[in-house]
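Inside the fold
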Amino acid sequence: MLLVLDIGNTNIAVGLFEGEKLAAAWRIATRREQTADEVGLLLRQFLREEGFTPETVTGIAACSVVPPLNLTVERACGHYFGREVFWVGPGTRTGVPVKTENPREVGADRVVNAAAGYALYGGPLVVVDFGTATTFDVVSAKGEYLGGVIAPGVDISCEALFNRAAKLPRVELAVPPTVIGRNTLHSMQAGIVYGFAGLVDEINRRIRAELKDEARVVATGGLATIIARESKTIEKVDPYLTLIGLRLIYERNR
């Protein structure tokens, strides 16, 4: 079985694949001060809760945008699973040629999303990832990574609003009953949900205009489902796209 880890700034997404089937998935809060023992023991506990043993793990693949945690994860996987980590990064054979000015500066998770998106849905394609940042990754009809867009994430935008506006409370991210809020709660929810849906749709509209093609739009990330409901351009939500991409790239490099 293959264990995959997508190490992000806010969360670490973890998946366990049995062949092509995603047998289980978990999410851990990212803490840079985590020790290798904490990570290793937590991963082993996850497996046991789903009826698996650490010995069933025959390979581990990961991508990361948090370099301080990479050595921690390597040590955890080596000590608690007896496996080396296959890292997706610059120079990895992903199956997706990166056509940006400086391919090495493109986040590994974005290339992984592009590889998975193209394999599953073809191109041209836009992958919208609702993570710490809201990213848009554009894949050509030939499967080339053309570049993308980076916008503020939903969570960090909300945190800035809550922290800088003393009278505004923290609110649950949910679709309000109307756009015109009749109270503070619904007013904030309208601004967040419809505001980000509008941001997504306008950027996708401009991307399609530049491509001169009606590129398909797929969304992933923890908040994708909520925003996608109100978006006119998102056609598909695939919450495990990055995990699937890690599996595909691992298999290509075996």
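Residues numbered from 1 in each chain as written. Predicted model: local features only at pLDDT ≥ 70, side-chain atom pairs only at ≥ 80, totals over all residues. Heavy atoms only, no water.

**Section: the overall build of the chain**
When you go through the chain residue by residue, the secondary structure sums to 7 helices and 10 strands. Whereas a compact globule of 254 residues would reach a radius of gyration of roughly 18 Å, the chain reaches 19 Å, a difference of no more than 12%. The principal-axis extents of the C-alpha atoms in the chain amount to approximately 55 × 45 × 30 Å. Here the chain, with 254 residues, has 49% of them falling under the buried criterion. Restricting the contact set of the chain to residue pairs at least 6 apart, pairs at least 24 apart contribute 57%. By element, 50% of the accessible surface of the chain is carried by carbon and sulfur atoms, the whole surface being about 12700 Å². (Helix = DSSP H or I, 4+ residues; strand = E, 2+ residues; numbered from the N terminus. Rg over C-alpha atoms; globule rule 2.2 N^0.38 Å. Buried < 20%, exposed > 50% of the residue type's maximum accessible area, 1.4 Å probe, protein only. Contact = heavy atoms within 4.5 Å. Areas by Shrake-Rupley, 256 points an atom, 1.4 Å probe, with all protein chains shown as cover.)

**Quick look at the UniProt feature "binding site: ATP" (unreviewed entry) in the chain**
In the UniProt entry, the feature "binding site: ATP" (unreviewed entry) is given for D6, I7, G8, N9, T10, N11, I12, A13 and T132. Sequence-wise these annotated residues cover 127 residues; spatially they are packed, their C-alpha atoms never more than 12.9 Å apart. You can see D6 is positioned in strand 1 (residues 2-7). Sequence-distant contacts of D6, defined by excluding residues within four places in its chain, comprise N11, I12, A13, C63, D109, T242, L243 and L246. Residue classification places G8 among the buried residues on the basis of a relative accessible area of 15%. Residue contacts for G8: discarding those within four places in its chain leaves T30, V65 and V66. (UniProt positions renumbered as here; feature names shortened; annotations may be inferred.)

**Some details on unusual backbone geometry**
Following G123, the chain continues to P124 via a peptide bond in cis, the omega torsion being 0°. Position of P124 relative to the elements: it lies in the loop between helix 3 (108-121) and strand 6 (125-130). The backbone phi angle of K212 is positive, close to 55°, even though this residue is not glycine. Tracing the chain through its elements places K212 in the loop between helix 5 (184-211) and strand 9 (216-220). With relative accessibility at 73%, the residue K212 sits in the exposed group.

**Side note on the packing of aromatic side chains**
Across all of its chains, the model carries 2 aromatic pairs by this definition. Judged by centre distance (5.3 Å) and plane angle (10°), the ring pair of W26 and F46 falls under stacked. Taken together, the residues W26 in strand 3 (residues 21-29) and F46 in helix 1 (residues 36-49) connect sequence positions 20 residues apart. Taken individually, W26 and F46 each receive the classification buried, so the pair is uniform in this respect. Taking the centre distance of 5.9 Å and the plane angle of 75° together, the rings of F86 and Y250 count as edge-to-face. On the criterion of sequence distance, the pair formed by F86 in strand 5 (residues 85-87) and Y250 in helix 7 (residues 241-252) is long-range, its members being 164 residues apart. In this structure F86 comes out as partly exposed when scored by relative accessible area, which is 21%. (Phe/Tyr/Trp six-rings, centres within 6.5 Å; stacked < 30°, edge-to-face > 60°.)

**Let's talk about the packing of helix 4 (residues 154-164) against helix 5**
Contact geometry of helix 4 with helix 5 gives a least axis separation of 11 Å together with a crossing angle of 150°. Taken together, the axes of helix 4 and helix 5 are roughly antiparallel relative to one another. The hand of the helix 4/helix 5 crossing is right-handed. Residue-level contacts link V154, S157, C158, L161 and F162 of helix 4 to M188, I192 and F196 of helix 5. In terms of residue class, the contact of helix 4 with helix 5 is made up of 7 nonpolar, 1 polar and no charged. (Axes fitted to C-alpha atoms, helices over the stretch in contact; angles between N-to-C directions. Parallel < 35°, antiparallel > 145°, perpendicular 65-115°, else oblique. Left-handed = near helix turned anticlockwise from the far one by under 90°. Nonpolar A, V, L, I, M, F, W, Y, C, P; charged D, E, K, R; others polar.)

**Overview of the sheet that holds strand 6**
With respect to topology, 5 strands assemble into an open sheet ordered 8-7-6-9-10, the strand pairing being mixed. Only two strands of the sheet have a single partner each, and these edge strands are strand 8 (145-152) and strand 10 (236-237). When strand 6 meets strand 9, the two strands line up parallel, connected through 5 bridges. Paired with D129 across the two strands is T220, which belongs to strand 9. (Pairing = 2+ DSSP bridges.)

**Quick look at helix 4**
Taken together, the buried positions of helix 4 are V154, C158 and F162. On an axial view of helix 4, the arc spanned by its buried residues comes to 60°, and they lie on one face. Opposite the buried face of helix 4, at more than 90 degrees from it, the exposed residues are N163 and R164. On its buried face, helix 4 is in contact with strand 6, strand 7 (133-139), strand 8 and helix 5. (Arc of directions from axis to C-beta.)

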